[in-house]
Amino acid sequence: MIRVVILGSTGSIGCATLSVLKRHKDRFRVVGLCAYRSVAHIAVQVAEHEVSKAVVVDPEALQKFDDLPHADWRSGLDEVLELVTDPEVDVVVNAIVGSVGLEATLATLKAGKRLALANKESLVAGGPLVMEAVRQGGGELIPVDSEHSAILQCLEGYNVSSVGRLVLTASGGPFQRFSKEDMKQVKPSQALCHPTWDMGAKITIDSSTLANKALEVIEAHFLYEIEYNNIEVVVHPQSIVHSFVEFTDGSVLAQLGFPNMELPILYALSHPERIEDDFLRTFDPVQSDPLTFEELDRNKFPLFALGIEAGVLGGTVPTVYNAANEVAVNSFLSEKIGFLEMPEVVAHAMDIVPRRNVEVVNDVLDADKEARIAANNFLS
């Protein structure tokens, strides 16, 4: 029986993971859950899945509740780190948002456990630290993102040195057919309507600006040790092909599947095995719409271009990009700025906050803090 902990259990990835685990009780057991402050939601999950340990990151949120289901309830970052390093845990699914995710990632890998990673901050902000933790602790890093899962599946049995190019696909979001003039009028309600994926608000906005795809390029750079000039992105509205891998001999492999995050989650849990799952919808090439691919317009999606620039510059610049983008997204969602003003916020922070090397966690945390201050000052 494989014992699993889920960080960010109340988010879209966390809920999807619990759905997968419920169907495969013969193989997996949920032994711990963690949420940032959604106490009522995690309480329902604890009761339904009979979980023995639950952590709420925000102590004040937990103090507001008295009638909680039977479990070992704790709060605070230290308890998160203790949960993921518990000897009784085999796999940690990290879907929590923010810098808490980075520290949990490092602790999991240093403890030599399997990490199913859905927390983008870990690799985007702390890529060098994460890969060093893999080498030192002997842990196993398996990506949950559909694009990175696709690359991993295509690389099974091959050495990374045989890879010539990675091609990640992007749906293009809801505004692929919009002109830049049209995008000036975009409202949050429009940006939250993703054409193919059902996700949380933050990642849905990032998908509409293509910032999410820039973050995935940075992640791919660290995960597969591929230079940025050998990683490309194409727009694929149907979201059936999740990534291509082109090898040095010119051969190309791709992973296809109906857009459903439960498939890469299941693969991250069972890798390198494959578990039969009748619930997951299969792709029918005869009945499906034609698969199309288009060039990504960097001029129309400047947050993508800024993200790639941040990745190439390296050091703490990706941290600054990510933090400033979070500030910009929150301001857009609260209708304080327009859709096309988000890149201005991020560009300002990247100009203001100095680049430093990433050598310890505090390098990331300091850059994150400075970027948020710079972005908020620009907004005010």
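Look up a bit, the structure's there.
Quick caveat: nothing in here was measured; it's all calculated off a predicted structure.

(A) Representation of the overall build of the protein within the structure. Helix and strand counts for the protein come out as 16 helices and 12 strands. Taken against the 2.2 N^0.38 rule, which gives 21 Å for 380 residues, the C-alpha radius of gyration of the protein at 20 Å falls within 12% of a compact globule. Its C-alpha atoms put the protein at 55 × 55 × 40 Å along the principal axes. Evaluated residue by residue, the protein yields a buried proportion of 56% over its 380 residues. Contacts in the protein between residues far apart in sequence, at least 24 positions, make up 68% of those at least 6 positions apart. Carbon and sulfur atoms provide 48% of the accessible area of the protein, an area that totals close to 16,700 Å². Averaging the coordinates of the 31 positive side-chain charges in the protein and doing the same for the 53 negative ones gives two points 1 Å apart.

(B) Fine view of the sheet that holds strand S7 (residues 140-143). In space, the 7 strands of this open sheet follow the order S4-S3-S2-S1-S5-S6-S7, with parallel pairing throughout. Strands at the two margins of the open sheet, each flanked by one partner only, are strand S4 (72-75) and S7. Here the strands of the sheet are splayed against their neighbours by 20° on average, with no regard to which way each runs. Note that strand S6 (residues 114-117) and S7 share 4 bridges and pair parallel. Each residue of the ladder has a partner; that of Ala116, found in S7, is Ile142.

(C) Focus on a nonpolar patch on the surface. On the surface, Leu256, Leu291 and Phe293 cluster together to form a nonpolar patch covering roughly 240 Å² of accessible area. In this structure, Leu291 sits in the loop between helix H12 (262-270) and strand S12 (294-295).

(D) The environment of Glu156, seen in detail. Structurally, Glu156 can be placed in the loop between helix H7 (146-155) and strand S8 (163-170). A sequence separation of 79 residues divides Glu156 from Leu77, and the C-alpha atoms of the two residues are 35 Å apart. Here Glu156 is in contact with Tyr267, His271 and Pro272, once residues within four sequence places are set aside. Among the polar contacts made by the side chain of Glu156, one reaches the side chain of Tyr267 at a distance of 3.5 Å.

(E) Representation of the packing of aromatic side chains in the model. Under the criterion given, the structure shown has 5 aromatic pairs. Here a set of aromatic residues connected by ring pairs shows up, and it is made of Phe175, Phe178, Phe332 and Phe339.

Conventions and cut-offs
- Residues numbered from 1 in each chain as written.
- Predicted model: local features only at pLDDT ≥ 70, side-chain atom pairs only at ≥ 80, totals over all residues.
- Heavy atoms only, no water.
- Helix = DSSP H or I, 4+ residues; strand = E, 2+ residues; numbered from the N terminus.
- Rg over C-alpha atoms; globule rule 2.2 N^0.38 Å.
- Buried < 20%, exposed > 50% of the residue type's maximum accessible area, 1.4 Å probe, protein only.
- Contact = heavy atoms within 4.5 Å.
- Areas by Shrake-Rupley, 256 points an atom, 1.4 Å probe, with all protein chains shown as cover.
- Lys, Arg positive; Asp, Glu negative; His and termini not counted.
- Charge placed at Lys NZ, Arg CZ, Asp CG, Glu CD.
- Pairing = 2+ DSSP bridges.
- Axes fitted to C-alpha atoms, helices over the stretch in contact; angles between N-to-C directions.
- Patch = residues over 30% accessible without salt bridge, like charges linked within 9 Å, V, L, I, M, F, W, Y side chains within 5 Å.
- Salt bridge = Lys/Arg side-chain N within 4 Å of Asp/Glu carboxyl O.
- Polar contact = N/O pair within 3.5 Å; in protein donor to acceptor, adjacent residues only side chain to side chain.
- Phe/Tyr/Trp six-rings, centres within 6.5 Å; stacked < 30°, edge-to-face > 60°.

Interpretation in functional terms is not warranted from these geometric data alone.
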